[in-house]
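What follows is the residue order along each chain.
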Amino acid sequence: MTALNAPIAAAEPMLRVENLTISFRTDEGPITPVQGVGFDVSEGRTLGLVGESGSGKSVSTKALMRLLPGSATIERGSRMRYVAKSGEAFEIEALRAGSRALRRLRGGEIGMIFQEPMASFSPVYTIGNQMIESIRLHRGMNAREARDEAVEMLTKVGISNPEGRVDQYPHELSGGMRQRAMIALALSAGPRLLIADEPTTALDVTIQAQVLALMGDLQRDLGMGLIFITHDLGVIAQIADDVAVMYLGAIVERGPAREVIRSPRHPYTRGLLDAIPTLDRLDARLKPVPGDIPSPSQRPSGCAFHPRCAQAIKGLCERKAPEETQMPGGRAVRCWLHAEGRSAA
Ligand code: SF4
């Protein structure tokens, strides 16, 4: 079934991902870079997906747009359910390539912005042409209305002289302007859910702070759900309501962002936080998480983090993978230190 017209319960989130498992065919054999991932996103909320590169966060969200390459398989039992404002629900994993439902989902319902703005823009059309096409296609406006809307969007994202910029080509804008224009392009289709994949990493800190503030404002104004992908827990502290920390294809800790950042439970989350410079410890040496994230083809046995974990329990962590333990306050962690029957670290 591709789209269901079932009425939704009031409490149902706009997006529910359950047991998402993705494998790839490679020359070295099959690998599974995403294993059993689950999260919810509700209207007006921001979920931060955090982890080093190779943790599976981008692959997971590309699956939501069905943008995975042909070598990838979304495994049986994976579920990605998106509910439109009308109440129509989409079982994303079951949508056929090229189907009308998938086109609707990608264009009007879910938008995506990338680290590199040129990935979103065509270099041969003006910014305005690209926005106007998107607005006409997804929001049914005529050419005049769509142009006015494009100018309005460019104004909203803080682009000066929007009436002039709308007729410029992407390469004529500075990096920061292009990033803003890309956000305007993604928003021009009126998505209810926006996926932002490391959108500020390539920007200098001042522009980065401006773009983050802008995204927060727009999200509040428009009531969008937002999935913000980053390797930086410092950015999450500024923008996210909820956070899910990923390591080697699995969520190892999740919960309200403030709580997780204030008192991380998983050694990996703690390690990511210790690697962030803060004003009150400018003299202290930063402690990056030791070692590198292994390739999914060389997944360690037991808890996949055990070769890098200073708190690993000998005889247990390297042998057996922990299940997720639910904790008070909507938190959950996947670590033997917090498993039922063991005291917290
Ligand atoms: Fe470390 Fe063991 Fe917890 Fe894994 S399960 S994070 S190795 S203490």
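Here the structure is shown first, and the text comes after it.
About the criteria used
- Residues numbered from 1 in each chain as written.
- Predicted model: local features only at pLDDT ≥ 70, side-chain atom pairs only at ≥ 80, totals over all residues.
- Heavy atoms only, no water.
- Near = heavy atom within 4 Å.
- 1 Å grid on protein atoms, 1.4 Å probe; cavity = no way out; pocket = protein on both sides within 12 Å on 5 of 7 lines; lining within 4 Å.
- Sits in = over half its atoms within 2 Å of the grid points.
- Nonpolar A, V, L, I, M, F, W, Y, C, P; charged D, E, K, R; others polar.
- Helix = DSSP H or I, 4+ residues; strand = E, 2+ residues; numbered from the N terminus.
- Axes fitted to C-alpha atoms, helices over the stretch in contact; angles between N-to-C directions.
- Left-handed = near helix turned anticlockwise from the far one by under 90°.
- Contact = heavy atoms within 4.5 Å.
- Expected span 1.5 Å × (residues − 1).
- Buried < 20%, exposed > 50% of the residue type's maximum accessible area, 1.4 Å probe, protein only.
- Pairing = 2+ DSSP bridges.

> What's the story with the site of the ligand in this structure? I'm lost.
Around the ligand, the structure places 13 residues, and the nearest of them are Cys303, Cys309, Cys317, Cys335 and Trp336. Counting atoms within 2 Å of the grid points, the majority share of the ligand lands in the largest cavity. The residue inventory of the shell around the ligand, partitioned by class, reads 10 nonpolar, 3 polar and no charged.

> What exactly am I supposed to notice about unusual backbone geometry here?
As a rule of thumb, non-glycine residues mostly have phi less than zero, and peptide bonds are mostly trans rather than cis. Of note in the backbone geometry, Asn19 takes a positive phi value of approximately 50° without being a glycine. As for its position among the elements, Asn19 is in strand β2 (residues 15-24). Despite not being glycine, Asn161 shows a phi value in the positive range, around 50°. When you line up the elements, Asn161 lands in the loop between α4 (143-156) and α5 (162-165).

> Quick question: what am I supposed to make of the packing of helix α3 (residues 127-139) against α4 here?
Between α3 and α4, the shortest axis-to-axis distance is 9 Å and the interhelical angle comes to 115°. Relative to α4, the crossing made by α3 is right-handed. Along its contact with α3, which presents Ile127, Met131, Ile132, Ile135, Arg136 and Arg139, the element α4 presents Ala143, Ala146, Arg147, Glu149, Ala150, Met153 and Leu154. Partitioned by chemical class, the residues of the contact of α3 with α4 number 9 nonpolar, no polar and 4 charged.

> Just checking my understanding: could you explain helix α6 (residues 175-188) for this structure?
Three- or four-residue spacings in an α-helix give side chains the same orientation, since the helix completes a turn every 3.6 residues. Taking 1.5 Å per residue as the helical rise, α6 with its 14 residues ought to reach 20 Å, and the 20 Å between its terminal C-alpha atoms agrees with that figure. Counted residue by residue, α6 has 13 buried out of 14 residues, so it is predominantly covered. Just beyond α6, the residue with positive phi is Gly190, at close to 70°.

> I keep staring at the pairing of strand β10 (residues 225-230) and nothing clicks. Help me out?
Looking along a regular strand, one sees the side chains alternate between the two faces of the sheet. The buried fraction of β10 is high, at 6 of 6 residues. Bridging between strand β4 (residues 46-50) and β10 involves 5 bridges; their strand directions are parallel. Bridging across to β10, Val50 finds its partner in Thr230.

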